Each structure stands twice: as C-alpha cells, then as structure tokens.
Amino acid sequence: MRQRSRRRIMRATVELVDQRGYAGTTLTDIAERAGLARGLLSYYFDGKRLLMQSATHRMMHQALTGALGELDPGAGPEARLARAIDTVLGLAMDHPRVMRSHLALILDPDTGAFVQDPEQQRLGAILQGLLRDWGAPDPAAEHAVLRSALMGGCIGVLLPGAELSLAPIRADLFGRYGLPWHLGRPPQPQPPERERPPARG
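Residues numbered from 1 in each chain as written. Predicted model: local features only at pLDDT ≥ 70, side-chain atom pairs only at ≥ 80, totals over all residues. Heavy atoms only, no water.

### Thoughts on the confidence of the model for the protein chain
Alright, step 1. In the predicted model, the protein chain carries a mean pLDDT of 91, and 93% of its residues have values of at least 70.
Alright, step 2. Helix α5 (residues 77–94) holds the highest mean pLDDT among the elements of the protein chain, 97, whereas helix α3 (residues 38–44) holds the lowest, 88. (pLDDT = per-residue confidence, 0-100. Helix = DSSP H or I, 4+ residues; strand = E, 2+ residues; numbered from the N terminus.)

Take a look at the structure:
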C-alpha cells in the first residue's frame, strides 16, 4: 500500500509539472491528482524539491526499463547502451518542463543537491549494469561520467534561447563510447558533419 501511494504521488508530480511547470504545481495539486490526503505527501517525501527529484528519477528508470525491454534478447552491449543514451535524451525532448525543473533544482546553489534516493539508485544500477557489460573497467566511476554527460546533453537541448539540436549532442556521446550511429534511435540517417575550424596562417 505504501509503495502504491508513493508511485501515485510521483506519477501525479510528473503529469502536473509536464502541464504547469514546477512553480505552477503545488503539493496540494499533487495530492488531489494522486487522490490522497495532503498530509501523506509530507509523510512520504521531505518537501517538494525532493519529491520532484524522486519523481523524475522514477520516470527515467521506468523509461529505460521499457526501452531496454523492447530490444531483441540477443542485443549486444553496444545496442543496449545506445538505446539507454537515446532514451534519456528523448526524455528531455518529450518532457522538457520536467527535465528542466529537475536540472534547475539540482544546479541551484542555494537549494540544490543531488540526492541518491531509491529511485535514483534504481536508475544508477541500470546504467552501471550497461556500462559493465559494455566493458567499463570501473562501472561506478564511468557511471558518474555518463551521468554528467547526459545531464550536459539534456541542458544542451533544453537551454532556453540557445538550444542545440539533438544530433551533435548524440554524436558526441556515441563517439565517447564508440557506438555506431545507426544503433538506438538516431534522429537522422547520418551523423552530423563537424565543421572544421578555419586554417591558421
């Protein structure tokens, strides 16, 4: 019962922030959407910010689990890692308000902090397992690098007024892990051409 209530609260949080943004969503709104008493939110989550982080991490690990489950059982580690990268970047495109809010809360020097809650730990376990299968000598350390790279990629596509297209961000990530462009869900048939800097002289 407790887990079911937590899931309802986190699902309601993602739905409302998708529609109204973080500032436009109150804990009372979330409780009403979840069909629960307002006091239960404070019982399960220590404030709106931590609830937002948990809800976003749950959305991410659910999306990853679903996307990986769609692959052929014989899919190799490169195909699985490619699908994971595309899934996280895809969430930034499909749920921009949720992902912007999540990143802004983490990066806020006054209120931000990266919390390793159970939802984040599930997400981290999936990514570390993929990196282990891919051949990372230290999956935990490589997970920290991948997490930072994915956060940077999401910021790139979400930065208001200075958004980058998905293709070059994906190309950089795929290049780091030696992943062929055709794996996963490429946003275009061929990788983008890199512009060379003008010759000096």
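After presenting the structure, the write-up continues.
### What about the pattern of salt bridges?
Alright, step 1. If you walk through the whole model with that rule in mind, you get 7 salt bridges.
Alright, step 2. One salt bridge connects Arg 33 with Glu 15, and the closest N-O pair in it is separated by 3.0 Å. Of this pair, Arg 33 sits in helix α2 (residues 27–34) while Glu 15 sits in helix α1 (residues 2–20); the two residues are 18 residues apart in sequence, bridging distant segments of the chain.
Alright, step 3. Residue classification places Arg 33 among the partly exposed residues on the basis of a relative accessible area of 35%.
Alright, step 4. The exposure class of Glu 15 is partly exposed, given its relative accessible area of 33%.
Alright, step 5. The salt bridge involving Arg 176 is made with Glu 142; its shortest N-O contact spans 2.9 Å. Of this pair, Arg 176 sits in helix α9 (residues 166–176) while Glu 142 sits in helix α8 (residues 139–158); the two residues are 34 residues apart in sequence, bridging distant segments of the chain.
Alright, step 6. A relative accessible area of 16% places Glu 142 in the buried class.
Alright, step 7. Put simply, Glu 70, Arg 83 and Arg 185 are held in one network by salt bridges that share partners. (Salt bridge = Lys/Arg side-chain N within 4 Å of Asp/Glu carboxyl O. Buried < 20%, exposed > 50% of the residue type's maximum accessible area, 1.4 Å probe, protein only.)

### A closer look at the packing of aromatic side chains
For any pair of aromatic rings, the description consists of the separation of the ring centres together with the inter-plane angle of the planes.
Alright, step 1. Under the defined criterion, the tally for this structure stands at 3 aromatic pairs.
Alright, step 2. With a centroid separation of 5.1 Å and 70° between ring planes, the pair formed by Tyr 43 and Tyr 44 is classed as edge-to-face.
Alright, step 3. Take Tyr 43: its relative accessible area is 57%, and that puts it in the exposed class.
Alright, step 4. One residue, Lys 48, lies across the ring of Tyr 22, its end atom 4.1 Å from the ring centre. (Phe/Tyr/Trp six-rings, centres within 6.5 Å; stacked < 30°, edge-to-face > 60°. Lys NZ or Arg CZ within 6 Å of the ring centre and 35° of its normal.)

### Things to note about a nonpolar patch on the surface
Alright, step 1. Residues Leu 107, Ile 155 and Leu 159 make up a contiguous nonpolar surface patch of roughly 250 Å² in combined accessible area.
Alright, step 2. Here Ile 155 lies in helix α8. (Patch = residues over 30% accessible without salt bridge, like charges linked within 9 Å, V, L, I, M, F, W, Y side chains within 5 Å. Areas by Shrake-Rupley, 256 points an atom, 1.4 Å probe, with all protein chains shown as cover.)

### Quick word on the environment of Ala 171
Alright, step 1. Tracing the backbone shows Ala 171 in helix α9.
Alright, step 2. You can call Ala 171 partly exposed: its relative accessible area is 22%.
Alright, step 3. Distance in space between the C-alpha atoms of Ala 171 and Pro 191 is 6.5 Å, their sequence separation being 20 residues.
Alright, step 4. Ignoring sequence-local partners within four residues, the contact set of Ala 171 consists of Trp 181 and Pro 192. (Contact = heavy atoms within 4.5 Å.)

### Quick look at empty space enclosed by the protein
Alright, step 1. In total, this model carries 1 cavity of 30 Å³ or more according to the counting rule given.
Alright, step 2. Space inside the largest cavity adds up to approximately 170 Å³.
Alright, step 3. Lining the largest cavity are 16 residues; nearest its centre among them are Met 60, His 102, Leu 123, Arg 147 and Met 151.
Alright, step 4. Only α4 (48–69), α6 (96–107), α7 (118–134) and α8 provide two or more residues apiece to the lining of the largest cavity.
Alright, step 5. Per element, the largest residue contribution to the lining of the largest cavity is 5 residues, and it comes from α8.
Alright, step 6. Across the lining of the largest cavity, the residue classes tally to 11 nonpolar, 4 polar and 1 charged. (1 Å grid on protein atoms, 1.4 Å probe; cavity = no way out; pocket = protein on both sides within 12 Å on 5 of 7 lines; lining within 4 Å. Points joined across faces, edges and corners; volume = space filled by probe spheres on them. Nonpolar A, V, L, I, M, F, W, Y, C, P; charged D, E, K, R; others polar.)

### Examining the packing of α1 against α2
Alright, step 1. Orientation of α1 relative to α2, taken along the N-to-C sense of each, is 120°, at an axis distance of 8 Å. The pairing of α1 with α2 is recorded here as oblique in orientation. Viewed along their axes, α1 and α2 form a crossing whose handedness is right-handed. Residues Arg 8, Ile 9, Ala 12, Thr 13, Glu 15, Leu 16, Gln 19 and Arg 20 of α1 form the contact with α2, whose own contacting residues are Asp 29, Ile 30, Arg 33 and Ala 34.
Alright, step 2. For the contact of α1 with α2, the per-class residue count stands at 5 nonpolar, 2 polar and 5 charged. (Axes fitted to C-alpha atoms, helices over the stretch in contact; angles between N-to-C directions. Parallel < 35°, antiparallel > 145°, perpendicular 65-115°, else oblique. Left-handed = near helix turned anticlockwise from the far one by under 90°.)

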